[in-house]
Amino acid sequence: MRARDLIRQATPALEAAGIDTARLDAELLVAHAIGIERSRLFLDDPELDAAQRERAEALLAARAEHRIPVAQLVGAWWFDGHELEVTADVLVPRPETELLVERTAELAPHGAGVIDVGTGSGAIAIALAARRPDLTITASDVSEAALAVARRNAAAVARAERTSSAPPATEEVRSAPWLAPIAFQHASLLGAWRGEVVISNPPYVEDDWRAQASPELAHEPELALYAGADGLDVIRALVAQCAAHAEVALVLLEHGHQQGAAIRDLLAEAGFPDPITEPDLAGHDRMTWARRG
Ligand code: GLN
């Protein structure tokens, strides 16, 4: 069977399972089973051998029947232009989280120390390091398993950046690092870190959302998703630590679409006046940031 025929056959099966990205998922899984980039599928339309066919069918079944996220099945996902390793120990990087990176890249003072709390795959820390090589970044997580993924991702992206970049034109650029240095910290919230900028995509889902959550969410780490009855337990504790550390001058937090007002109140009461909430591309409130001093 050729790749295109298998994709044509698999797409309706994934749709029937309730997956709304059926065609894309089928393409990614078939390409992974063959061992090629998705873009090669249509250029080459390769014939699958028996082993590839078997692998593809196993992946498609795991997707349809168990609703395992595609990123976990193929072991990788894209974030802010970087291909990152993804395992069941980390949240699959979401495109809306790029907003947090974009705003931090704009607002962080030159040379600031930045912590990414609950770094997971390292997506935020790594994307920020690539956008702002002047920063000093700490990627922190309570999960050792997640930190291992983040470390591998940072090393892989550092290698890729170095080889894919054109030779620098000037002495000044040549001496600049390609990526901001990233230190890894195994700790809860800020731990022993001291610096100026705190960013986080913390767990913020309400505990009782579990019952209605998409089946994919059940395959992602609970630790990265759920945070008490109102989903604000981790954010409350994090804002309290930010308030207690006098050097912290800028805080940026991702959150649920209904949590903006509560988080603006938390930040304002903690001494970060005039917080600003911003929507994601779907128009949902997704991120709130505030400064002090
Ligand atoms: N945005 C995620 C979701 O889809 C939640 C991520 C988080 O809790 N940090 O549910």
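Reading the values: the criteria
- Residues numbered from 1 in each chain as written.
- Predicted model: local features only at pLDDT ≥ 70, side-chain atom pairs only at ≥ 80, totals over all residues.
- Heavy atoms only, no water.
- Helix = DSSP H or I, 4+ residues; strand = E, 2+ residues; numbered from the N terminus.
- Rg over C-alpha atoms; globule rule 2.2 N^0.38 Å.
- Buried < 20%, exposed > 50% of the residue type's maximum accessible area, 1.4 Å probe, protein only.
- Contact = heavy atoms within 4.5 Å.
- Areas by Shrake-Rupley, 256 points an atom, 1.4 Å probe, with all protein chains shown as cover.
- Lys, Arg positive; Asp, Glu negative; His and termini not counted.
- Charge placed at Lys NZ, Arg CZ, Asp CG, Glu CD.
- pLDDT = per-residue confidence, 0-100.
- Salt bridge = Lys/Arg side-chain N within 4 Å of Asp/Glu carboxyl O.
- Polar contact = N/O pair within 3.5 Å; in protein donor to acceptor, adjacent residues only side chain to side chain.
- Pairing = 2+ DSSP bridges.
- Axes fitted to C-alpha atoms, helices over the stretch in contact; angles between N-to-C directions.
- 1 Å grid on protein atoms, 1.4 Å probe; cavity = no way out; pocket = protein on both sides within 12 Å on 5 of 7 lines; lining within 4 Å.
- Points joined across faces, edges and corners; volume = space filled by probe spheres on them.
- Nonpolar A, V, L, I, M, F, W, Y, C, P; charged D, E, K, R; others polar.

**Student:** Tell me about the overall build of the protein chain, residues and numbers included.
**Tutor:** Helices and strands together make up the secondary structure of the protein chain, namely 11 helices and 9 strands. Relative to the compact-globule value of 19 Å for 293 residues, the protein chain shows a C-alpha radius of gyration of 21 Å, a close match. Counting only C-alpha atoms, the protein chain reaches 65 × 55 × 35 Å along its principal axes. Here the protein chain holds 293 residues, and the buried ones make up 50% of them. Taking as baseline every contact in the protein chain between residues at least 6 positions apart, the subset at least 24 positions apart corresponds to 64%. Total accessible area computed for the protein chain in this model is approximately 13700 Å², and 54% of it derives from carbon and sulfur atoms. Positive and negative charge centroids in the protein chain, built from 26 and 45 side chains respectively, lie 4 Å apart.

**Student:** Report on the confidence of the model for the protein chain, specifying residues and quantitative values.
**Tutor:** Residues of the protein chain with pLDDT of at least 70 account for 94%, and the chain-wide mean is 94. This model gives residues 168-176 a pLDDT under 50, and the stretch forms 4 contacts once residues within four places in sequence are excluded.

**Student:** So what about the pattern of salt bridges? Which residues, and what values?
**Tutor:** Enumeration over the complete set of coordinates arrives at 22 salt bridges. Across the salt bridge formed by R40 and D44, the nearest N and O atoms sit 3.0 Å from each other. In this pair, R40 and D44 are both assigned in helix α3 (residues 38-44), 4 residues apart and thus about one turn of the helix distant. For R40, a relative accessible area of 37% puts it in the partly exposed group. As a salt-bridge pair, E220 and R94 come within 2.9 Å of each other at their nearest N and O atoms.

**Student:** Break down the environment of A108 for me, with residues and values.
**Tutor:** Along the polypeptide, A108 turns up in the loop between α6 (98-107) and β3 (113-117). Along the primary structure A108 and S39 are separated by 69 residues, whereas in three dimensions their C-alpha atoms are 36 Å apart. Ignoring anything within four residues of it in the chain, the contact list for A108 reads R132, L135, V197 and L250.

**Student:** Give me the lowdown on the side chain of Q185, citing residues and values where you can.
**Tutor:** Along the chain, Q185 turns up in strand β5 (residues 182-186). Assessed through its relative accessible area of 14%, Q185 is described here as buried. At 3.4 Å, the side chain of Q185 and the backbone nitrogen of W193 are in polar contact. Among residues more than four places away in sequence, those in contact with Q185 are I115, T138, A139, S140, D141, L147, L190, G191, A192 and W193.

**Student:** Outline the sheet that holds strand β8 (residues 276-279), supporting the account with residue identities and numerical values.
**Tutor:** With mixed pairing, the 7 strands of this open sheet are ordered in space as β5-β4-β3-β6-β7-β9-β8. What marks the edges here is a single partner per strand, and that holds for β5 and β8. Within this sheet the neighbouring strands show an average axis-to-axis angle of 20°, counted without direction. With 4 bridges joining them, strand β6 (residues 197-200) and strand β7 (residues 250-254) adopt parallel strand pairing. Its bridge partner being in β7, I199 is matched across the sheet by L252. Strands β7, β8 and β9 (285-291) of the sheet are contacted by helix α11 (residues 260-269), whose axis makes an angle of about 10° with β9.

**Student:** If you had to explain the environment of R23 to someone new, which residues and values would you point to?
**Tutor:** By secondary structure assignment, the location of R23 is in helix α2 (residues 22-34). Spatially, the C-alpha atom of R23 lies 5.1 Å from that of T11, the residues being 12 residues apart in sequence. Aside from chain neighbours lying at most four places away, what touches R23 is I7, T11 and F42. For R23, the side chain forms a polar contact with the side chain of E27, separated by 2.7 Å.

**Student:** An account of the layout of surface pockets is requested, with residue identities and associated values reported.
**Tutor:** Quantified by volume, the largest pocket comes out at close to 1100 Å³. Considering the residues around the largest pocket, the lining is formed by 39 residues, among which R94, E96, S214, L217 and E220 are closest to the centre. Its residues assigned to classes, the lining of the largest pocket shows 19 nonpolar, 8 polar and 12 charged. Considered as a void within the structure, the second largest pocket measures approximately 510 Å³ in volume. Taken together, 32 residues make up the lining of the second largest pocket; nearest its centre are G118, D141, N201, P203 and A224. Listed by contribution, the elements that provide at least two residues to the lining of the second largest pocket are α7 (123-131) and β4 (136-141).

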